[in-house]
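Residue strings, one per chain:
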Amino acid sequence: MIGPFLADAWLKQRPASKEKPFASILYTAVLHGKVALPCDVSSPSADDSAALILWYKDDSAQPIYTLDARRGNVDHAHQSSSPELESRAYFNMINRPAFLQLDPVKEGDAGEYRCRVDFHKARTVNTVITLKIIVPPGEPVILDEQGQSLKGLVGPYNEGDSLTVMCQASGGKPRPTVTWWRDYSLLDGNYTFELGDIVQNQLKLNRLRRQDLLAVLTCQASNNNITVPSSNAITIDLNLKPEKAVISPSHKPLLADKEIELTCTAKGSRPASKITWWKGNQQMQNTRESALHSSDTTTILTFTPSIDDNGKFLSCRAENPLIAGSSVKDGWKLDVQYPPQISLQLGKNLKVSNIQEGNDVYFECNVRANPWIHELSWQFEGQDLTTNTSAGVIISNQSLVLQRVKRTFRGRFTCSATNSRGLGISNEIFLKVKYAPLCKPGQKTIYGVAKHESLDVSCELDSDPDKVTVHWRFNSSYKRSDKITFSTYRAHSVATYTPESDEDYGKLLCWGTNDIGIQSEPCVFTIVPAGPPDPLHNCSLVNQTEELISIHCLEGYDGGMSQRFMLEVYLINSNVLQANITSPVPVFLADDLPSGTPLRIVMYAANPKGRSSSVVMLASTLRPAEKLTRRGDGEGMFIIRPFLAILIAIVTILVTITLVLAIFIRSKWKRRTKGEIRRNNPESEKSEIPLKKDIEDIGDIEDTGPDIIPDKGVTRSPFAGCIDEKEQRCLQLSNIMEDHSLHSLKTEHLEVVYSSPVYTKSHLADINSPKSISATTIRPSTSLVS
């Protein structure tokens, strides 16, 4: 049983030769290992056995190992070894074949061994063995390109760089082979023999890849297949480029002037990459890192896009600062949406200061919008403009053309546009259209003046430019004169005119000239003889409450001079003045009047030449509504609803009409009776004619008849036209109406509208004397008292 020992040796039989007529066996052993050299000690016959076993080395005459069994059993034979073997040799007789074991093997053990076996009876047998000793190489050394020794973790190197390493092995017998391995794969098996006993293998990796990170490269030196090869290994440390950068959220429209946060994540870098944000070629600064891992980096950009950023390229760049040119990026063109930004400008060849009436004018509306506009409109003085070829207005795309512009287009122009993000309005351009002078509207055109009195006539012209040369002329059917005294400041001129005779009444003409041209039509001022104004007309009561009344009238001719309007309010019963109001317009409001009181209202106009005749109206303030307080026992108060008030008014009107019809039938019956009496007794007619009432009687009538209209010293009732035999019936009807008036005032009042008298020159001469006004209409007011 020599298997365990022969496993470490190479067994090879050498052929016999004339010098050595016996066979030779080749054995190989490794230095510091062990070897078993076989020797066949079996006898040819069963009754024979080995008597003496001798081991010789090389040509030595002395045995190196002896086993002597000549005097006893071979199993108990005496064994001895030479000093060179010391205690390393042992002859094993148990195994078949028997063997001499050397442990450990030394380099000097190499040589030729001969085992001689002498038997008791048989011939001597010799076994020759040649032993070769293999010396393993030492541990290989790994060097870089600079000759520095490498061991363990080396680097870091940059991804994409090349790597060259050298492995050298020295010693060994025979010379070893030097190879490079990665894991269990052979990378490079080419080696060279250098001077001395050095064997080397150079490994070159042209481009380090991501998968080379922490790769183990092993260099092996081996000169046998018995022992484990000598080896040395290095582990590669790499700096890795970032693989990609990703912006989130993904590409989407942004809103101008609205802050947004964008996140950029870079993956695959070792160490972590540095992230920068760019807008075009400009690096953005407002960033912060939110997470940092071994190979991933996340950076947040806080960004407020502006209108000017639309279309610019926004990018996120990730770069390993240790690896030049390792940057990767992600980005897209910014889609910044905003309401239309609009600017309005006049045509390039036009100047605002040189626009004259009749020129062609055009505007350009420059629009900047994202998304693009779906509507564009033009405005003049805040009102929309549309195409109107007859007026010379043409709108085409973003242009506005005004053909033969008129002064009516003097004002502010704007344009506006709308998109999905809102409305944009342009700047204003004031179109200053220059034009020849013309009369300003609203001027006083009729002037009244007496003979030999001076009058200032104001003429205001509308002109651009307002530096105007003004001309005056008097024109009538009797004379024409340009000798008018006047003063002018820019476009305002005042003429001083004095009529000397009737021929000097007529028309004053005023016109002007500026750089644009001459006024086409003059301003006409009519000079008339001055006199008192005409009376007011169409007066109506528009409002009445418990304490106030409001009256509107229409003014008459002012007599050629400025006029003012007066109102006087009297109590009918006592003729006491309650209000005295002067107004520049014929609109009056009398306040703080006693409630539920009949009133006489006197109105007239006045100018420096006198006052008009008076217009008299009757009215009354409303009575206060009756109030019922809530009783303590929980009974509610009585409230007059609007429909109930209307019902009461209708009933009152029907009762009034019934009473009037009854009075009319009664008076007709009395008239028939009186006629019969006159026919029977003519003398009685004179006795029935009433006497003229004195001033005290008139006062009594005023106290009892709220509908009787007094005018200063003269007072008339609505039935003042009654004469002769009708007088008595009229007075009776008047008395009945007096009794009924207090009741009817709860629900209605009578409005008396007077016709304005026509005055002649004689009337104007006696303007201060009041004129009586005849009542033409008596109609109930629509106001109801609740």
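The next thing to look at is the overall build of the protein chain. Helix and strand counts for the protein chain come out as six helices and 59 strands. Looking at the 786 residues of the protein chain, the share that counts as buried comes to 41%. For the protein chain, long-range pairs separated by at least 24 residues make up 64% of all intrachain contacts whose partners lie at least 6 apart in sequence. Summing over all exposed atoms, the protein chain offers an accessible surface of approximately 44100 Å²; the carbon and sulfur share of this is 52%.

Counting residues in each nonpolar core, the largest one holds 33 residues, and the members touching the most others are Leu 37, Ile 53, Trp 55, Phe 91 and Leu 131. Counting residues per element, the ones that place at least two in this core are β2 (24-30), β3 (35-39), β4 (50-57), β5 (65-68), β7 (89-92), β8 (98-102), β9 (111-119) and β10 (125-134). In terms of residue count, β9 provides more of this core than any other element does, four residues in total. Other than its neighbours up to four places away in sequence, Leu 37 contacts Tyr 27, Trp 55, Ala 98, Phe 99, Leu 100, Leu 102, Tyr 113, Ile 129 and Leu 131. Residues Cys 365, Trp 378, Val 405 and Cys 415 belong to the second largest nonpolar core, which totals 24 residues.

On to the sheet that holds strand β45 (residues 492-497). Read from one edge to the other, the open sheet built from four strands follows the order β39-β41-β45-β44, with strand pairing classed as antiparallel. With one partner strand each, in any of the chains shown, β39 (435-439) and β44 (485-489) form the two edges of the open sheet. Across the sheet, the mean angle separating the axes of adjacent strands is 25° when strand polarity is ignored. In terms of strand pairing, β39 meets strand β41 (residues 455-464) through three bridges, oriented antiparallel. Of the residues in β41, the one forming a bridge with Cys 439 is Leu 461.

So, about the sheet that holds strand β14 (residues 163-170). Spatially, β12-β11-β14-β18-β17 is the arrangement adopted by the five strands of the open sheet, whose pairing is antiparallel. Looking at which strands have only one partner, the edges of the open sheet turn out to be β12 (149-150) and β17 (192-193). Strand direction decides the pairing type here: strand β11 (residues 141-143) and β12, joined by two bridges, are antiparallel. Of the residues in β12, the one forming a bridge with Leu 143 is Ser 149.

Below, the discussion takes up the environment of Glu 568. Following the sequence through the fold, Glu 568 ends up in strand β50 (residues 564-571). Put simply, Glu 568 and Tyr 604 are 36 residues apart on the chain and 9.0 Å apart in space, counted from C-alpha to C-alpha. Within polar-contact distance, the side chain of Glu 568 engages the side chain of Tyr 570 at 2.7 Å.

With that settled, consider the packing of aromatic side chains. This model, assessed by the stated rule, comprises 11 aromatic pairs. Seen from their ring centres, Phe 474 and Tyr 497 are 5.4 Å apart, and the 20° between their planes marks the pair as stacked. Of the two residues, Phe 474 is situated in strand β42 (residues 469-475) and Tyr 497 in strand β45; the sequence distance between them amounts to 23 residues. One aromatic cluster is present, built from ring pairs that chain together Phe 363, Phe 380, Phe 409 and Phe 413. When the ring centre of Tyr 435 is taken as reference, the NZ or CZ atom of Arg 407 above it lies at 5.9 Å. One Lys or Arg, Arg 611, reaches over the ring of Tyr 604 and ends 3.4 Å from the middle of that ring.

Glancing now at the pairing of β2. Burial analysis of β2 places seven of its seven residues in the buried class, the great majority of the element. Here β2 shows two buried faces, one formed by Ser 24, Leu 26, Thr 28 and Val 30 and the other by Ile 25, Tyr 27 and Ala 29. Relative to β10, β2 runs parallel, the two being bridged by seven bridges. Note that in β10 the partner of Leu 26 across the bridge is Thr 130.

Before going further, it helps to spend a moment on a nonpolar patch on the surface. Together, Ile 646, Ile 650, Ile 653, Leu 654, Ile 657 and Leu 661 line one region of the surface with nonpolar side chains, adding up to about 540 Å² of accessible area. Considering the arrangement of structural elements, one finds Ile 650 in helix α2 (residues 642-680). Here Ile 650 falls in the partly exposed class, since its relative accessible area comes to 45%.

Attention now moves to unusual backbone geometry. Between Arg 96 and the following residue, Pro 97, the backbone shows a cis peptide bond with an omega angle of 0°. By the secondary structure assignment, Pro 97 is in the loop between β7 and β8. In this chain, Arg 270 is followed by Pro 271 through a cis amide linkage whose omega measures -5°. Mapped onto the elements of the fold, Pro 271 is located in the loop between β23 (260-267) and β24 (274-279). Backbone geometry at Asn 397 places phi at a positive 55°, although glycine is not the residue there. For Asn 397, the position within the fold is in the loop between β34 (393-396) and β35 (399-402).

The subject of this paragraph is the pattern of salt bridges. Tallying each qualifying case throughout the model produces 25 salt bridges. For the salt bridge of Glu 139 with Lys 151, the shortest nitrogen-to-oxygen distance reads 3.8 Å. With Glu 139 in the loop between β10 and β11 and Lys 151 in the loop between β12 and β13 (152-158), the pair connects residues that are 12 residues apart, well separated along the chain. Between Asp 482 and Arg 473 there is a salt bridge, with the nearest N and O atoms lying 2.7 Å from each other. The class of Asp 482 is partly exposed, set by a relative accessible area of 47%.

Considering the arrangement of structural elements, one finds Asn 158 in strand β13. When its relative accessible area of 18% is taken as the criterion, Asn 158 is described as buried. Separated by 3.3 Å, the side chain of Asn 158 and the backbone oxygen of Leu 322 make a polar contact. Those residues in contact with Asn 158 that lie beyond four places of it in its chain are Leu 208, Leu 238, Asn 239, Leu 322 and Ile 323.

Right, let's talk about the state of the cysteines for a bit. Counted by the stated rule, this structure contains seven disulfides. What pairs with Cys 459 in a disulfide is Cys 510, and their sulfur atoms sit 2.1 Å apart. Given an S-S torsion of about -85°, the disulfide between Cys 459 and Cys 510 has left-handed geometry. A residue pair is termed long-range when its members are at least 10 positions apart, and Cys 459 in strand β41 and Cys 510 in strand β46 (residues 507-513) qualify at 51 residues.

This part covers the confidence of the model for the protein chain. Chain-level pLDDT for the protein chain is 79 on average; 80% of the residues reach the 70-or-more range. Segment residues 1-19 is flagged for pLDDT under 50; beyond a separation of four residues in sequence, or across chains, it makes 44 contacts in the model.

A few words on a negative patch on the surface. On the surface, Glu 546, Glu 547, Asp 591 and Asp 592 cluster together to form a negatively charged patch. Its location among the elements puts Asp 592 in the loop between β52 (587-590) and β53 (598-607). For Asp 592, a relative accessible area of 64% puts it in the exposed group.

Most of strand β20 (residues 230-239) sits out of view: seven of its 10 residues are buried. Across five bridges, the pairing between β13 and β20 is parallel. Note on β20: the bridge partner recorded for Leu 153 is Thr 235. Both strand β19 (residues 216-222) and β20 contribute to a ladder of six bridges, which runs antiparallel.

Moving on, we come to the side chain of Thr 127. With respect to the helices and strands, Thr 127 occurs in strand β10. If near-sequence neighbours (up to four positions away) are discounted, Thr 127 is found in contact with Ile 25, Pro 38, Asp 40, Tyr 113, Arg 114 and Cys 115.

Moving on: the environment of Ser 481. Inspection of the secondary structure assignment puts Ser 481 in strand β43 (residues 480-481). Not counting residues up to four positions away in its chain, the partners in contact with Ser 481 are Arg 473 and Phe 474.

Here is what the cut-offs are and how they apply
Residues numbered from 1 in each chain as written. Predicted model: local features only at pLDDT ≥ 70, side-chain atom pairs only at ≥ 80, totals over all residues. Heavy atoms only, no water. Helix = DSSP H or I, 4+ residues; strand = E, 2+ residues; numbered from the N terminus. Buried < 20%, exposed > 50% of the residue type's maximum accessible area, 1.4 Å probe, protein only. Contact = heavy atoms within 4.5 Å. Areas by Shrake-Rupley, 256 points an atom, 1.4 Å probe, with all protein chains shown as cover. Core = buried A, V, L, I, M, F, W, Y, C linked by side-chain atoms within 4.5 Å. Pairing = 2+ DSSP bridges. Axes fitted to C-alpha atoms, helices over the stretch in contact; angles between N-to-C directions. Polar contact = N/O pair within 3.5 Å; in protein donor to acceptor, adjacent residues only side chain to side chain. Phe/Tyr/Trp six-rings, centres within 6.5 Å; stacked < 30°, edge-to-face > 60°. Lys NZ or Arg CZ within 6 Å of the ring centre and 35° of its normal. Patch = residues over 30% accessible without salt bridge, like charges linked within 9 Å, V, L, I, M, F, W, Y side chains within 5 Å. Salt bridge = Lys/Arg side-chain N within 4 Å of Asp/Glu carboxyl O. Disulfide = S-S within 2.5 Å. pLDDT = per-residue confidence, 0-100. Lys, Arg positive; Asp, Glu negative; His and termini not counted. Charge placed at Lys NZ, Arg CZ, Asp CG, Glu CD.

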